[in-house]
Amino acid sequence: MTTVKVPGRPTWQQTMLRIRDPAKTIPFYTDHFGMTVIDTLDFPQYKFKLFFLTTLPEGESYTLTPGTQAAHDYMWSIEGTALELTYNYGTEEDSETFEGYHPGNQEKDGFGHIAFNTDDVYAACEKLEKVGVTFKKKPDEGRMKGLAFAYDPDGYWVEIVKRSEGSNISNYFNFSQTMLRVKDPVKSIAFYEVLGMTVVRQKHFNDFSLYFLASSSNVDQRVDYANIPDSEAYFKLGQMFGPVLELTHNHGTEKDDDFKHFNGNEEGRRGFGHIGFLVDDVYAACDTIREMGYGFRKEPDGGSMKGLAFAYDPDGYSVEIIKRGGIEFGDIKVEK
């Protein structure tokens, strides 16, 4: 476990996916998976719009209007994690030159899926199928029974996972994970521990291993996750309300100097974009991140938008570093 930490209480705040048609994708996640659109950032000058969705506790009402300054203030101060959906104007109408986004899961793709937990996977999948959701894998298909993978409108895989028995979560679904493949878990885990994450469970198989990392706001500080039995770690993981970052390691890739995952931002592979963390001070956080030596896609003062950064993790995934409370993004705000 690393002792160096990024200053300013970093918390995992977002996973970004590009989408073709918000009129299809937003209802998919709000109507079928119970998410709430908590904010939007609209940039007509650059012809794109961002939608931020999250799982709110059952019964909690959200009264802010997305796109307003009040919603921005809420969004950039949340303790949980949002799904950021990026829409480039006109893609929903372009059937000639735009073939759609790359959902991952082809050879050497890094991004795998997002996931939602639920009490009963079988009942949930039956309910989803009745409203037209299609599946990569249903609960009783394949070797691993009791979990499923649905397709969202852009073809991204959405895993449906059983929640632990006796959890206090009353939501039908809660946003529960983002999966990325990593070349060398020793390097990747150390990177995300510096960003305040904790390995809350690891599971090893013959040819691959899974590592589940939770943000500080989603971790029970009383638990020594490194020294509890796997059965207890599995139970506690299934009780978490917020999502975990699932890092998948296919054994042997760390020994292959030429091996590299696609990170989701290459030409022809664009779909997954980045994950993002809130910090108190972007500049101080980047000073610590810089020492790890993986470089930056955008330094805090680079480009036209000052005060936010995109670092690279050991696999070349983009990691956005954002000031807690937000900055002036230059979006066209909604006037309530």
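Rules behind the numbers
Residues numbered from 1 in each chain as written. Predicted model: local features only at pLDDT ≥ 70, side-chain atom pairs only at ≥ 80, totals over all residues. Heavy atoms only, no water. Buried < 20%, exposed > 50% of the residue type's maximum accessible area, 1.4 Å probe, protein only. Helix = DSSP H or I, 4+ residues; strand = E, 2+ residues; numbered from the N terminus. Arc of directions from axis to C-beta. Contact = heavy atoms within 4.5 Å. Polar contact = N/O pair within 3.5 Å; in protein donor to acceptor, adjacent residues only side chain to side chain. Core = buried A, V, L, I, M, F, W, Y, C linked by side-chain atoms within 4.5 Å. Phe/Tyr/Trp six-rings, centres within 6.5 Å; stacked < 30°, edge-to-face > 60°. Lys NZ or Arg CZ within 6 Å of the ring centre and 35° of its normal. Pairing = 2+ DSSP bridges. Axes fitted to C-alpha atoms, helices over the stretch in contact; angles between N-to-C directions.

> How should helix H3 (residues 121-130) be read in this particular structure?
Along an α-helix, a turn takes 3.6 residues, which lines up residues three or four apart on a common side. Within H3, the full set of buried residues consists of Val 121, Ala 124, Cys 125 and Leu 128. Considered in projection along H3, the buried side chains sweep an arc of 95° and stay on one side of the axis. Along its buried surface, H3 packs onto helix H1 (22-32), strand S5 (111-118), strand S6 (135-137), strand S7 (148-151) and strand S8 (157-162). Capping the start of H3 is the job of one residue whose side-chain oxygen sits 3.1 Å from the backbone nitrogen of Tyr 122: Asp 120.

> I'm lost on the nonpolar core in this one. Help?
It is characteristic of soluble globular proteins that their nonpolar side chains tend to be buried jointly. Core analysis: the largest hydrophobic core is formed by 59 residues, its most contacted members being Tyr 29, Ile 160, Tyr 192 and Ile 321. Of all hydrophobic cores here, the second largest spans 17 residues; its members include Leu 50, Leu 56, Trp 76 and Leu 278.

> How do you make sense of the packing of aromatic side chains when you look at a structure like this?
The geometry of two aromatic rings is summed up by the distance between their centres and the angle between their planes. Summed over all chains, the structure comprises 25 aromatic pairs. For the pair Tyr 87 and Tyr 89, a centre-to-centre distance of 5.9 Å together with 35° between the ring planes defines the contact as tilted. Members of the aromatic cluster, connected to one another through ring pairs, are Phe 28, Tyr 29, Phe 33, Phe 116, Tyr 172, Phe 173 and Phe 175. Over the ring of Tyr 172 we find Lys 127, and its NZ or CZ is 4.1 Å from the ring centre.

> Would you mind going over the pairing of strand S13 (residues 272-279) with me for this structure?
Regular strands show a simple pattern: their side chains alternate between the two faces of the sheet. Burial of S13 is extensive: eight of the eight residues sit out of reach of the surface. As paired elements, strand S1 (residues 11-19) and S13 share six bridges and run antiparallel to each other. Bridge pairing in S13 places Thr 11 opposite Leu 278. Note that S13 and strand S16 (residues 318-323) share six bridges and pair parallel.

> Looking at this model, I keep getting lost on the side chain of Thr 40. Mind explaining?
Residue placement: Thr 40 occurs in strand S2 (residues 36-43). Its relative accessible area of 9% is what places Thr 40 among the buried residues. A distance of 3.4 Å separates a polar atom in the side chain of Thr 40 from the backbone nitrogen of Gly 67. Once you skip the residues sitting within four places of it in the chain, Thr 40 turns out to touch Lys 49, Leu 50, Phe 51, Pro 66, Gly 67 and His 72.

> How should the pairing of strand S3 (residues 48-54) be read in this particular structure?
Of all seven residues in S3, five are buried; the element is thus mostly enclosed. Summarising the sheet, S2 and S3 pair through seven bridges and their orientation is antiparallel. Along S3, the bridge assignment pairs Thr 36 with Thr 54. Taking the residues between adjacent antiparallel strands as the criterion, S2 and S3 are bridged by four residues, where Lys 47 takes a positive phi near 65°.

> What exactly am I supposed to notice about the sheet that holds S6 here?
In sheet architecture, strand pairing relies on hydrogen bonds along the backbone and comes in two forms, parallel and antiparallel. Taken together, eight strands build an open sheet; the order of strands is S6-S7-S8-S5-S9-S12-S11-S10 and the sheet is mixed. The open sheet has two free edges, formed respectively by S6 and strand S10 (198-204), since each of these has just one partner strand. If you compare each strand with its neighbour and ignore which way they point, the axes differ by 25° on average. Where S10 lies against strand S11 (residues 208-214), six bridges are found, and the strand directions are antiparallel. Across the sheet, residue Val 199 finds its bridge partner in S11, namely Leu 213. Here H3 sits on the sheet in contact with S5, S6, S7 and S8, set at roughly 145° to S8.

> Help me understand unusual backbone geometry in this model?
Most peptide bonds take the trans form, and the phi angle of most residues other than glycine is negative. Backbone geometry places Arg 9, a non-glycine residue, at a positive phi of 50°. If you trace the backbone, Arg 9 turns up in the segment before S1. A relative accessible area of 40% places Arg 9 in the partly exposed class. Phi at Lys 47 is positive, roughly 65°, even though this residue is not glycine. Counting through the fold element by element, Lys 47 comes out in the loop between S2 and S3.

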